[in-house]
Amino acid sequence: MPPQNTSATGASREGQGRDVPPARQALSDSVYENIKAMVMDHEITPGARVSIEALSRSLSVSPTPIREALARLEADGLVVKRPLSGYRTTELLTRQGLEELFEMRQLLEPRAAALAAVNASEDQLDAIERIAEEMHTHPGTAAGRYAAYRGFAALDQRLHDAIVRASGRPLLADAVERLHSHLHIFRLSSQLGADDPTLAEHQRMVHAILRRNADRAAEAMAKHLVRSLGRQLSRDEES
């Protein structure tokens, strides 16, 4: 879910940390991660109201870092603020919602991969390669609670985000990042088997981009997305 300062799933912290004392920033980050884990693990039920007062008591902090964390989680697409009723966690994706999410990704990410193969700077190519290598050194399985798989999710998102940023199309990159696809998918199911082919699929994408082969990069990305959707739907049927 790094080269740019991100949360465990890669959400940008734009505006966070500027002129903020380190101790307060550390508290803000800790509260954010704690509440995010509650949402990802469904300790706060999907669609449920989020009580600032209850979280403040539970985490033994004032309401201020709770509100800051919820604002960041709203940007992540994990909570929504409604007039007069406060924050609620977002609902889980339905099967139709999951298919529509991947439909959007299919429209955007293969094109981004092709453009990255053509437009990426050498520094961007190095960054993409480093993230892919880091994924291979990361534990190959991710299952259970958020704390166990957030590192893998962060690397997964960082790789996809690095590719779209390397496309040289800021609006395209912004559109992909705003889907919050990794957060939504991992929130549905964190089960990754030891034989999960995600790493091999990523490697084919990266190799094509590093070789400046736009057609193969787009093809590898498209196949990865098709197979990822298929795996997710299979998990849903088994659960």
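Refer to the preceding data block for the structure.
This section reports on the structure supplied with the text. Just so it is clear, the model here is predicted, and its values are computed rather than measured.

**Some details on the packing of helix H2 (residues 52-59) against helix H3 (residues 63-76)**
To characterise two packed helices, one gives the angle between the axes of the helices and the distance between these axes. Contact geometry for H2 and H3: axes closest at 9 Å, N-to-C directions at 115 degrees. When the axes of H2 and H3 are compared, the crossing they make is right-handed. Between H2 and H3, the residues in contact are Ile52, Leu55, Ser56 and Leu59 and Pro63, Ile66, Arg67 and Leu70, respectively. Of the residues contributing to the contact of H2 with H3, the split by class is 6 nonpolar, 1 polar and 1 charged.

**Concerning the packing of helix H4 (residues 95-119) against helix H6 (residues 146-165)**
H6 packs onto H4 with a crossing angle of 65 degrees between their chain directions and a minimal axis gap of 7 Å. Crossing geometry of H4 relative to H6 is assigned as left-handed. Taking contact as the criterion, the partners of Arg105, Glu109, Ala112, Ala113 and Ala116 in H4 are, on H6, His160, Ile163 and Val164. Taken together, the residues that form the contact of H4 with H6 break down as 5 nonpolar, 1 polar and 2 charged.

**Structural notes on the packing of aromatic side chains**
Under the defined criterion, the tally for this structure stands at 3 aromatic pairs. Considering the side-chain rings of Tyr146 and Tyr149, the 5.7 Å spacing of their centres and the 85 degrees angle between planes classify their relative orientation as edge-to-face. Within this pair, Tyr146 and its partner Tyr149 are both found in helix H6, separated by 3 residues, close to a single helical turn. No difference in accessibility class separates Tyr146 from Tyr149, as the two residues are buried. Sitting over the ring of Tyr32, Arg72 keeps its end group 4.0 Å from the ring centre.

Criteria and cut-off values
Residues numbered from 1 in each chain as written. Predicted model: local features only at pLDDT ≥ 70, side-chain atom pairs only at ≥ 80, totals over all residues. Heavy atoms only, no water. Axes fitted to C-alpha atoms, helices over the stretch in contact; angles between N-to-C directions. Helix = DSSP H or I, 4+ residues; strand = E, 2+ residues; numbered from the N terminus. Left-handed = near helix turned anticlockwise from the far one by under 90°. Contact = heavy atoms within 4.5 Å. Nonpolar A, V, L, I, M, F, W, Y, C, P; charged D, E, K, R; others polar. Phe/Tyr/Trp six-rings, centres within 6.5 Å; stacked < 30°, edge-to-face > 60°. Buried < 20%, exposed > 50% of the residue type's maximum accessible area, 1.4 Å probe, protein only. Lys NZ or Arg CZ within 6 Å of the ring centre and 35° of its normal.

The analysis is restricted to geometry; functional conclusions fall outside its scope.
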